[in-house]
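Examination of the molecular architecture
Next come the chains, spelled out residue by residue.
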Amino acid sequence: MTIRTRFAPSPTGYLHIGGARTALYCWLEARHRGGEFILRIEDTDRERSTEQAVQAILDGMQWLGLDADEGPYYQTLRMDRYRQVAEDLLRAGKAYYAYESKDEIETMRNAAMAKGEKPRYNGFYRERNEPLRDDPNRVIRFKNPQGGSVVFEDKVKGRIEWSNEELDDLVLIRSDGFPTYNFAVVVDDVDMKIGEVIRGDDHVNNTPRQINIYHALGEPVPEFAHLPMILGADGQKLSKRHGAVGVMQYRDDGFLPHALLNYLVRLGWSHGDQEIFSRDEMISLFDIADVNKSASRFDVEKLSWLNQQYLKSDDPLEIAPHFEWQLRAAGIDPEKGPDPADVIVALRDRAKTLKEMVEKARVWYAPLEHYDEAAVAKHLKTPTARPALEAVHAKLAEIGDWSVENVHGAIEAAAASIGEGMGKVAQPLRVALTGTQVSPSIDHTTFLAGRSEALRRIEAALARVG
RNA sequence: GCUCCCUUCGUCUAGCGGUCCAGGACGUCGCCCUCUCAAGGCGAAAACACGAGUUCGAUCCUCGUAGGGAGCGCCA
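This is a predicted model, so every value here is computed, not measured.

**With respect to the overall build of chain A**
The number of helices and strands found in chain A is 19 helices and twelve strands. A globule of 466 residues ought to have a C-alpha radius of gyration of about 23 Å, yet chain A, at 31 Å, is considerably larger. Buried residues in chain A amount to 50% of all 466 residues. In chain A, the share of contacts with a sequence separation of at least 24, taken over all contacts with a separation of at least 6, comes to 76%.

As structure tokens, this is what we get:
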């Protein structure tokens, strides 16, 4: 039987970093083992679930390329099924109706707490066999085993043992007829034949009670793998205050989806000393059993480094669409300047994100209006500036085929013609073309400006030469 | 309060009893390269939370302590 994993987010917000990694691991595990990956939306909380959040999650998954083989399934569409299973349990004597109000439960808990005990439901209606009655407080509770313990072998945490003494009779169906989370997951995972449950480790505590439900249902218990948390750079729980937490925010900030994936896969998992993983390598090398047990912090610096690695190694033609998208987002028309692929080649050693790249690319997409004073003073108000610029102007004008190589040759020739080194020509030229002292190599900088614009800017600079 | 989980350089991690006076990567610092800035190359500083055991020998096994986290809902 092929293994089936699932990612089951509740649509109460966008797909955040932690969720994205969980989804990635579920997806990788399925792909690695030749199984299936299922997407399920856990939307039983009608208060907090929204349509937009569902869409945000779907968008995030798509951007990351985590394609599901089935789904999305929606829990709200399966209400009848949950009720049916709960009734089966009732008939089998494995569940019962209880009628306490929320207030009563609350006082029960507080009382236990006061005695230094764990706050739990006392099982008042468990063995009463009272005739069924209508009551707004009526819920269905699970008859949790009273002795012994639940033991399971977590694929990342190892063996975990839980005494049934710690567990109370949890609510299966709420008074409003909706299933509770712990019940719905089990029913879903059983129905969807999930063989391996991979989720955040905030769920370890729920696992023993879920296992008891599997037993009551007479269904095989799946394997479990609980992933450690991802914390913010400050070691605190990830929150909105940490800035970009929605996965799509990383796209907006100029990261490549594959860079994020690569960063995420290494956060809590590793394969020797390897840092860079292609999609296929991830799939073939990933093993859920190699996942770490402890929480890790999210480090944008390393993400940025990885992003640049991909910016440098990917085919510029593949990056181009992402870059153009970013240009437009910044209000720049890609048509009004050099070929994006050429710009990428010139800038990828100098930018960690596409967003940075766009900022640095601005000079070639808009007329040059501003000159940096210090740059002008240092490189234009010099005795060699005029001869240097005049020489370059002449050589550039003579070029037949406007290419980076020919531009490079022209600049070298210009330097030679006035008996100076590259520096004496490159810097004034750089200021003339960009208004600043910093830009990519001078041949690329010139090439990207285009011949007519380059000549025009040199002429403008000549007017400022001291 | 109770239960469960976690603990190697600042960060991500390798390590599965001797190969470790602990390896790699990001970041930091220095040098080289150089038309600027980068990128790249080379190098440096930087960690086994603490305390008991077990063992001929512990980063690795056991138990405590400390610190951190999660859960204890008719939320997921």
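Read on, since the account is not over.
**Description of the protein's contact with RNA strand B**
Near RNA strand B there are 62 residues, and of these Arg109, Arg174, Gly268, Asp349 and Ser439 occur at the shortest range. Expressed as a percentage, the sugar and phosphate content of the atoms of RNA strand B within 4 Å of the protein is 72%. Contact distances for RNA strand B include 2.9 Å between a sugar or linking oxygen and a side-chain N or O atom of Ser10. One of the side-chain nitrogen or oxygen atoms of Arg430 is found 2.9 Å away from a base oxygen of RNA strand B. Looking at the surface near RNA strand B, the elements with two or more residues in it are helix H4 (102–114), strand E5 (139–142), strand E12 (296–297), helix H10 (300–313) and helix H17 (422–434). At six residues, H10 tops the list of elements feeding residues into the surface near RNA strand B.

**Looking at the pattern of salt bridges**
Considering all chains together, one arrives at 38 salt bridges under this definition. Two residues, Glu130 and Arg128, come together in a salt bridge whose shortest N-O distance is 2.7 Å. Its relative accessible area of 43% is what places Arg128 among the partly exposed residues. Linking Asp252 and Arg251 is a salt bridge whose minimum nitrogen-to-oxygen distance equals 3.2 Å. Beyond isolated ion pairs, a larger network of salt bridges with shared partners links Arg6, Arg40, Glu42, Arg78, Arg81, Asp188, Asp189 and Asp191.

**Thoughts on the nonpolar core**
Most often, soluble globular proteins have nonpolar side chains that are buried together. Ranked by internal contacts, the top residues of the largest apolar core, which has 97 residues, are Tyr25 and Phe323. When residues of this core are assigned to their parent elements, the largest contribution, nine residues, is made by helix H1 (residues 17–32). What Phe323 contacts, discounting residues up to four positions off in sequence, is Pro340, Val343, Ile344, Leu354, Met357, Val358, Ala361 and Tyr365.

**What to know about the packing of aromatic side chains**
Pairs of aromatic rings are described using the distance from one ring centre to the other and the angle between the two planes. Tallied over the full model, the rule gives nine aromatic pairs. Arranged with centres 4.8 Å apart and planes meeting at 85 degrees, the rings of Phe124 and Tyr125 form a pair that is edge-to-face. By relative accessible area, Phe124 is classed as partly exposed at 39%. Members of the aromatic cluster, connected to one another through ring pairs, are Tyr25, Trp269, Phe277 and Phe286. The side chain of Arg133 reaches across the aromatic face of Tyr99, ending 4.0 Å from its centre. The ring of Tyr121 has Arg141 sitting right over it, with the charged end atom 3.7 Å from the ring centre.

**Quick look at the environment of Gln427**
Take Gln427: it is sitting in helix H17. Contact partners of Gln427, with chain neighbours within four places excluded, come to His379 and Gln437. Polar side-chain contacts of Gln427 include one of 3.4 Å to the side chain of His379.

**Digging into helix H15 (residues 385–398)**
The end-to-end C-alpha separation of H15 is 20 Å, in line with the 20 Å expected for 14 residues at 1.5 Å each. Along H15, the residues that are buried comprise Ala385, Ala388, Leu389, Ala391, Val392 and Leu396. Take H15 and look down its axis: the buried residues cluster within an arc of 160 degrees, on one side only.

**A short note on the pairing of strand E2 (residues 36–41)**
E2 sits mainly inside the fold: five of its six residues count as buried. Bridging between strand E1 (residues 4–7) and E2 involves four bridges; their strand directions are parallel. Bridge assignment links Thr5 to a residue of E2, and that residue is Phe37. One crossover worth recording links E1 to the parallel E2 by way of H1, and it is right-handed. Taken together, E2, helix H2 (residues 51–64) and strand E3 (residues 70–74) constitute a β-α-β crossover, and its handedness is right-handed.

**Description of the environment of Asp339**
As for its position among the elements, Asp339 is in the loop between helix H11 (316–329) and helix H12 (340–347). Taking the C-alpha atoms as reference, Asp339 lies 9.0 Å from Ala320; in sequence the two are 19 residues apart.

**Some points on the packing of helix H16 (residues 404–417) against helix H18 (residues 442–449)**
Remark: H16 packs on H18, axes separated minimally by 9 Å, with the N-to-C direction vectors making an angle of 115 degrees. When the axes of H16 and H18 are compared, the crossing they make is right-handed. Contacts from Val404, Val407, His408 and Ile411 in H16 reach Ile442, Asp443, His444, Thr446 and Phe447 in H18. Across the contact of H16 with H18, the residue classes tally to five nonpolar, three polar and one charged.

**Digging into the environment of Glu47**
Following the sequence through the fold, Glu47 ends up in the loop between E2 and H2. Placed 35 residues apart in sequence, Glu47 and Thr12 show a C-alpha to C-alpha distance of 9.1 Å.

The rules behind the values
- Residues numbered from 1 in each chain as written.
- Chains lettered and ligands numbered in written order.
- Predicted model: local features only at pLDDT ≥ 70, side-chain atom pairs only at ≥ 80, totals over all residues.
- Heavy atoms only, no water.
- Helix = DSSP H or I, 4+ residues; strand = E, 2+ residues; numbered from the N terminus.
- Rg over C-alpha atoms; globule rule 2.2 N^0.38 Å.
- Buried < 20%, exposed > 50% of the residue type's maximum accessible area, 1.4 Å probe, protein only.
- Contact = heavy atoms within 4.5 Å.
- Near = heavy atom within 4 Å.
- Polar contact = N/O pair within 3.5 Å; in protein donor to acceptor, adjacent residues only side chain to side chain.
- Salt bridge = Lys/Arg side-chain N within 4 Å of Asp/Glu carboxyl O.
- Core = buried A, V, L, I, M, F, W, Y, C linked by side-chain atoms within 4.5 Å.
- Phe/Tyr/Trp six-rings, centres within 6.5 Å; stacked < 30°, edge-to-face > 60°.
- Lys NZ or Arg CZ within 6 Å of the ring centre and 35° of its normal.
- Expected span 1.5 Å × (residues − 1).
- Arc of directions from axis to C-beta.
- Pairing = 2+ DSSP bridges.
- Right-handed = clockwise from strand over helix to strand, strands pointing away.
- Axes fitted to C-alpha atoms, helices over the stretch in contact; angles between N-to-C directions.
- Left-handed = near helix turned anticlockwise from the far one by under 90°.
- Nonpolar A, V, L, I, M, F, W, Y, C, P; charged D, E, K, R; others polar.

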